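An overview of the molecular structure
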Amino acid sequence: MKLALFDLDNTLLAGDSDVLWTEFLIDEGILSAEDRERSDQFYREYEEGRLDIEAFLAFQLRPLLEHPPERLEQWRDRYVAERILPVITPPARRLLDRHREEGHQLVIITATNRFTTTPIARELGVETLLATELEQQDGRYTGRLDGAPCFREGKIHHLRRWLQQHGQVPAESWFYSDSANDIPLLEWSDHPTAVDPDPRLRAHAEQRGWPVISLR
């Protein structure tokens, strides 16, 4: 198996699905202006490589805890149509198509939770999604995680578990990401590529001689 791995936010998307989801909920009056300030602060910490992932996820998952799944799914459908489709670029679709035509196994691997990202992966035509998993009880989200976050080294953990479950060892692998938080998985892959990288990843990619591309 030849494996093509793709980060989602600011890689395949010209934007961040977590941030866009929060902004959607704020515009709908579901979250407050104070929540926007907290979201912005979390994003700055993410870019600087000092995000407290547990604190962020507690904030991000609160709406899932407070509202019934049927309402959440209605909001999510509108969010994908209004906020996500405009930030899927033609170059991103062409990159996926190129690997698909080569017969590679496509995988989106993201720190964002599965609830938010499932319809995005479907829109991109990628069947395998590795994401931060959420706990449910009696058909509702609890606001807690199911397992470790799919973040930084956690992406390698999720990927190895998925490979083990499918009895696979990749003969060759590619990984595309914008973020220095993904350096561990980029180092793991045979063909790491920085996509519209943040300054820390750009510097690391240049030092390591990795390709740097844009999908914008």
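For the chain, the count of helices and strands is 10 helices and eight strands. In terms of overall dimensions, the chain is globule-like: its C-alpha atoms have a radius of gyration of 17 Å, near the 17 Å expected for 216 residues. With the C-alpha coordinates of the chain rotated into their principal frame, the extents come out at 45 × 35 × 30 Å. Here the chain holds 216 residues, and the buried ones make up 54% of them. In the chain, the share of contacts with a sequence separation of at least 24, taken over all contacts with a separation of at least 6, comes to 61%. Surface accessibility of the chain: about 10200 Å² in total, with carbon and sulfur atoms responsible for 45%.

Along an α-helix, a turn takes 3.6 residues, which lines up residues three or four apart on a common side. Between the first and last C-alpha of helix 6 (residues 90-101) there are 16 Å, a value that for 12 residues agrees with the 16 Å anticipated at 1.5 Å per step. Listed in full, the buried residues belonging to helix 6 are Pro 91, Ala 92, Leu 95, Leu 96 and His 99. Mapping the buried residues of helix 6 onto a view down its axis gives an arc of 140°, with all of them on the same face. Those residues of helix 6 that are exposed and angled more than 90 degrees off the buried face are Arg 94 and Glu 101. In this structure, the buried residues of helix 6 make contact with strand 1 (2-6), helix 1 (8-12), strand 2 (105-113) and strand 6 (172-177).

This part is about unusual backbone geometry. Although it is not a glycine, Arg 152 sits at a positive phi angle of roughly 50°. For Arg 152, a relative accessible area of 23% puts it in the partly exposed group. In this structure, Asp 196 takes a positive phi of about 45° despite not being glycine. As for its placement among the helices and strands, Asp 196 is situated in the loop between strand 7 (191-195) and helix 10 (199-208).

Take the pattern of salt bridges next. Scanning the model with the defined rule gives 16 salt bridges in all. The partner of Asp 97 in a salt bridge is Arg 100, and the shortest N-O contact between them spans 2.6 Å. Note that Asp 97 and Arg 100 are positioned in helix 6 at a spacing of three residues, about one turn of the helix. Residue Glu 135 is joined to Arg 144 by a salt bridge in which the shortest nitrogen-to-oxygen separation is 2.6 Å. On the basis of relative accessible area, Arg 144 is assigned to the partly exposed category, the value being 44%. Each member of the salt-bridge network shares a partner with another, and the members are Asp 7, Lys 155 and Asp 182.

Across a regular strand the side chains alternate sides, sitting on one face of the sheet and then on the other. By the bridge criterion, three bridges tie strand 4 (residues 134-137) to strand 5 (residues 140-145) in an arrangement that is antiparallel. The residue bridging Leu 134 from the neighbouring strand is Leu 145, located in strand 5. As consecutive antiparallel partners, strand 4 and strand 5 are separated by two residues, and within that stretch Asp 138 has a phi angle of approximately 55°, a positive value.

Counted by the stated rule, this structure contains 10 aromatic pairs. Ring plane angle 65° and centroid distance 5.8 Å describe the contact between Trp 21 and Phe 115, whose orientation is recorded as edge-to-face. You can see Trp 21 sitting in helix 2 (residues 17-27) and its partner Phe 115 sitting in helix 7 (residues 114-123), a full 94 residues away along the chain. The exposure class assigned to Trp 21 is buried, which follows from its relative accessible area of 2%. Seen in terms of ring centroids, Phe 42 and Phe 59 are 5.5 Å apart; in terms of plane orientation they differ by 40°. Their pairing is tilted. Of the two residues, Phe 42 sits in helix 3 (residues 33-47) while Phe 59 sits in helix 4 (residues 53-66), which places them 17 residues apart along the sequence. Taken as a pair, Phe 42 and Phe 59 share a single burial class, namely buried.

Quick notes on the rules
Residues numbered from 1 in each chain as written. Predicted model: local features only at pLDDT ≥ 70, side-chain atom pairs only at ≥ 80, totals over all residues. Heavy atoms only, no water. Helix = DSSP H or I, 4+ residues; strand = E, 2+ residues; numbered from the N terminus. Rg over C-alpha atoms; globule rule 2.2 N^0.38 Å. Buried < 20%, exposed > 50% of the residue type's maximum accessible area, 1.4 Å probe, protein only. Contact = heavy atoms within 4.5 Å. Areas by Shrake-Rupley, 256 points an atom, 1.4 Å probe, with all protein chains shown as cover. Expected span 1.5 Å × (residues − 1). Arc of directions from axis to C-beta. Salt bridge = Lys/Arg side-chain N within 4 Å of Asp/Glu carboxyl O. Pairing = 2+ DSSP bridges. Phe/Tyr/Trp six-rings, centres within 6.5 Å; stacked < 30°, edge-to-face > 60°.

Any functional reading would require information that these geometric values do not contain.
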